[in-house]
Every structure is written in structure tokens, then in C-alpha cells.
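One-letter residues, chain by chain:
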Amino acid sequence: MSDDDLFGSGEERQREPDEDRRRAETPDVQGPNPFVGPLLFLVLVVAPVAILIASNGDSVPVKWAGFSWEAPLWIVLAITFAAGAVVTRLFAWVWTAWRRRRKRLKEEAAAKRRQME
């Protein structure tokens, strides 16, 4: 490979007459902004929950599975929020696995029908 291949020969490439027009007519297409989803989640969910947790510092009695104790309300709220997030992710995982399995079974049944024909 020569230096001209790597760095160019110093001469500008000749453009086709329609190339500038095509560039002007072609809009710059950009994908979705990857920060919009997490930012919306932060603003709509995390910020209000954080404010709720920070503004409730009182101790409350907690009774669960036969046990009883006192805990700060902010800890109870934080644990409840985290448990809700975990349950939501588990439900989404089960739902996705169920849909994939159903799709796979339908495809296998269609393939068997095609083989029989």
C-alpha cells in the first residue's frame, strides 16, 4: 500500500454532477435519542419516589409473616419500591419466555403441516 492510498494523492475527488443535489435532498436521518427513556424514567418514577422516601422519616410498626418490628418509614418505602421493581422484571421475563415458547410451538406446528403436504 502506498502513501497515496492511505492519505490521498492531494487531488480532490471529482464529484458527479448529481451528487451534490442528492446530498441536499437526502435528509439526515438520526436514530432515537438513547437518553430519552432513562431520563423519562428518572423524572416520572425515581424522582417522585425519592422525594416521598426523603420526606417520611418517622418510625412505623411493620408486621410481616408473623414477625413484628419498628422500622423507619423511608426504609419500608425503599424496600417496597425495590420489591415492586423486581416483581415487575420477573413478570416481564416470564411473559417474554411464554410468548417465545408459544411462537416457537406455532412455527413447529406450521413446519410439520408443510412437511405433511
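Everything numeric here is computed off the predicted structure, so don't read it as measured data. (Residues numbered from 1 in each chain as written. Predicted model: local features only at pLDDT ≥ 70, side-chain atom pairs only at ≥ 80, totals over all residues. Heavy atoms only, no water.)

Attention shifts here to the overall build of the protein chain. Counting secondary structure elements, the protein chain contains 4 helices and 2 strands. Walking the protein chain from its N terminus toward its C terminus, one meets helices and strands in the order α-α-α-β-β-α. Put simply, the protein chain has 117 residues, and 4% of those count as buried. Sequence separation of at least 24 residues holds for 14% of the intrachain contacts in the protein chain that already meet a minimum separation of 6. Carbon and sulfur atoms provide 62% of the accessible area of the protein chain, an area that totals close to 11200 Å². (Helix = DSSP H or I, 4+ residues; strand = E, 2+ residues; numbered from the N terminus. Buried < 20%, exposed > 50% of the residue type's maximum accessible area, 1.4 Å probe, protein only. Contact = heavy atoms within 4.5 Å. Areas by Shrake-Rupley, 256 points an atom, 1.4 Å probe, with all protein chains shown as cover.)

Our focus in this paragraph is the pairing of strand E2 (residues 67-72). Across 6 bridges, strand E1 (residues 59-64) lies against E2 in antiparallel orientation. Residue pairing for E2: Pro 61 is matched across the bridge by Glu 70. Linkage of E1 to E2, two consecutive antiparallel strands, is achieved through a turn of 2 residues, within which Ala 65 is found at a positive phi near 55°. (Pairing = 2+ DSSP bridges.)

Attention shifts here to helix H3 (residues 36-54). For H3, built from 19 residues, the straight-helix expectation of 27 Å at 1.5 Å per residue is met to within 8% by its first-to-last C-alpha distance of 26 Å. At Leu 42, H3 shows its strongest bend, of approximately 40°. (Expected span 1.5 Å × (residues − 1). Bend = angle between axes of the 7 residues up to and from the residue.)

A few words on the confidence of the model for the protein chain. The predicted coordinates of low-pLDDT regions are not to be read in fine detail. The predicted model of the protein chain has a mean per-residue pLDDT of 79, with 74% of residues at 70 or higher. At the low end of the mean pLDDT range in the protein chain sits helix H1 (residues 3-7), at 53; at the high end sits helix H4 (residues 73-116), at 91. (pLDDT = per-residue confidence, 0-100.)

This next bit is on a nonpolar patch on the surface. On the surface, Val 36, Leu 39, Leu 40, Leu 42, Val 43 and Leu 44 cluster together to form a nonpolar patch covering roughly 560 Å² of accessible area. Positionally, Leu 42 belongs in helix H3. (Patch = residues over 30% accessible without salt bridge, like charges linked within 9 Å, V, L, I, M, F, W, Y side chains within 5 Å. Salt bridge = Lys/Arg side-chain N within 4 Å of Asp/Glu carboxyl O.)

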